[in-house]
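Chain by chain, the residues:
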Amino acid sequence: MGVCFCSLHQVLLSIKNPNKMADTGNWALALTVCAAGFLAVRSDIITEAPAGRLFVYELHREIFQSEFEPSHKVFGQFYNDPMVFKCNKERFPDLPRWLRFTQRDSYDNGFLYGTPLPQDQGRNIIEIFVINKRSYGTFRERLVINVGPAVKRMPYQAEFFIERREIEKVLPAAVQEEIKRDIQLLWGTSRLDFVNMTSALDRGGRVPLPLPGYFEGVYVKLGSDQPFSQCMLQLETPEQQRECVTGGKVSGDCSTCTNPINCINWCNTVLWDLSKPVPRAPVPTVGSGVLAWGGEFSPPDSPPDRDFLPDYIVTVVVPFALALILCLILAYIMCCRREGVLKRNTKTPDLQLYHHHTIQDNASELRRMAGGDRLTVDPPRQCLQPLLMAEQAMAGR
């Protein structure tokens, strides 16, 4: 915009000087720069959010698609790029405490939603960063949310649980109208407003399996200035509560749903009647600050004497005796049950003993030859000649 102001200043100076007006290119340059400056400036999005009511702002992918590829519309080329939204409060790393953001997939729209409280009144500037996953381009936009006072008093509020829905699927305005029409038939009034929407995962629910037919569930809270219907008041009767605890079919379920996926869970419905004044907590009575006399301290008597000999026998003597017996048995097996070398040699054939000693002598001779000088070591003896002589002697017997 500074360039635009400079160009306008040059144009005004050229108007004062007729000699410079001969160059009409200054006009064209000034208008071009100003048009580019005005197109580059984008105003903030300003919206209102009354306290105590649900606020939903949908981030449409097709709108930001035109921001990334505006020239392709002229040539008839349109893209459907995956986009990721990043939202935070200006100069802060996260969102305000009452505002949440959700986007299930990069090909889905994003949603900013939440319910501001009276203490959250004021101006909230939200920075929205859009990342194009195809071209890796980025775009920044500012959303200004002015939180004002409550415009409607809703003393009667009720929360319903929709089992077959997800939070991204109930935030669009069309789905909210479907749910509101069903609740209007149950409540008996059209003066309903959404107070809050919460995913069951935020309330401690389990993550559903990634299979068709499994949903996380959504809690939907609505309010009105009209009292509850007689059908809804049946939830507070003991009969209804017993039927819900047993888990069987509830006879007093009078809810209706035009779309099966919008059906509510009757037993998970909670009612709040804020029209009745809440009794204040009793004020604590202030005492004198002096403890009452309780008499002299009487220490308890010492416990009676106890004989620890049985415990000592069970915990020390018996394990020690068992360990001693096991040691004696092991010593007898290791020392007294050995057959000995002489007894083993007596049972072993002479030829097998001769083979064993020959192997030991040959191994010793090889070690001696490997460790000393070959010239000073005697040549190896033939191992087969003594073996043959021994075999002939045994055969002659």
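Above this note sits the structure.
Residues numbered from 1 in each chain as written. Predicted model: local features only at pLDDT ≥ 70, side-chain atom pairs only at ≥ 80, totals over all residues. Heavy atoms only, no water.

Q: Pulling in residues and values, what's your account of the pattern of salt bridges?
A: Following the criterion strictly, the structure yields 14 salt bridges and no others. Across the pair Arg100 and Asp202 runs a salt bridge, and its minimum N-O distance is 3.6 Å. Highlighted residues: Arg100 in strand 4 (residues 99-102) and Asp202 in the loop between strand 9 (193-199) and strand 10 (218-224), separated in sequence by 102 residues. Linking Arg203 and Glu159 is a salt bridge whose minimum nitrogen-to-oxygen distance equals 3.0 Å. Linking Arg203 in the loop between strand 9 and strand 10 with Glu159 in strand 8 (residues 156-162), this pair joins segments that are 44 residues apart in sequence. Residue Arg203 is classed as partly exposed on the basis of its relative accessible area of 43%. Linked by salt bridges that have partners in common, Arg104, Glu166, Glu168 and Glu216 make up one network. (Salt bridge = Lys/Arg side-chain N within 4 Å of Asp/Glu carboxyl O. Helix = DSSP H or I, 4+ residues; strand = E, 2+ residues; numbered from the N terminus. Buried < 20%, exposed > 50% of the residue type's maximum accessible area, 1.4 Å probe, protein only.)

Q: Tell me about the environment of Asp105, and please be specific about residues and values.
A: Along the polypeptide, Asp105 turns up in the loop between strand 4 and strand 5 (110-114). Given a relative accessible area of 37%, Asp105 falls into the partly exposed group. Spatially, the C-alpha atoms of Asp105 and Pro82 are 8.4 Å apart, while their sequence positions differ by 23 residues. Among the polar contacts listed, one links the side chain of Asp105 to the backbone nitrogen of Tyr107, at a separation of 3.0 Å. (Polar contact = N/O pair within 3.5 Å; in protein donor to acceptor, adjacent residues only side chain to side chain.)

Q: An account of the state of the cysteines is needed here, citing residue identities and associated values.
A: Applying the stated rule across the entire model yields three disulfides. Between the sulfur atoms of Cys231 and its disulfide mate Cys254 the distance is 1.0 Å. Across the S-S bond linking Cys231 and Cys254, the dihedral sits near -40 degrees, which makes this disulfide left-handed. Here the residue Cys231 occupies a position in helix 6 (residues 230-233), and Cys254 occupies one in the loop between helix 7 (238-246) and strand 11 (264-273), the gap between them amounting to 23 residues. (Disulfide = S-S within 2.5 Å.)

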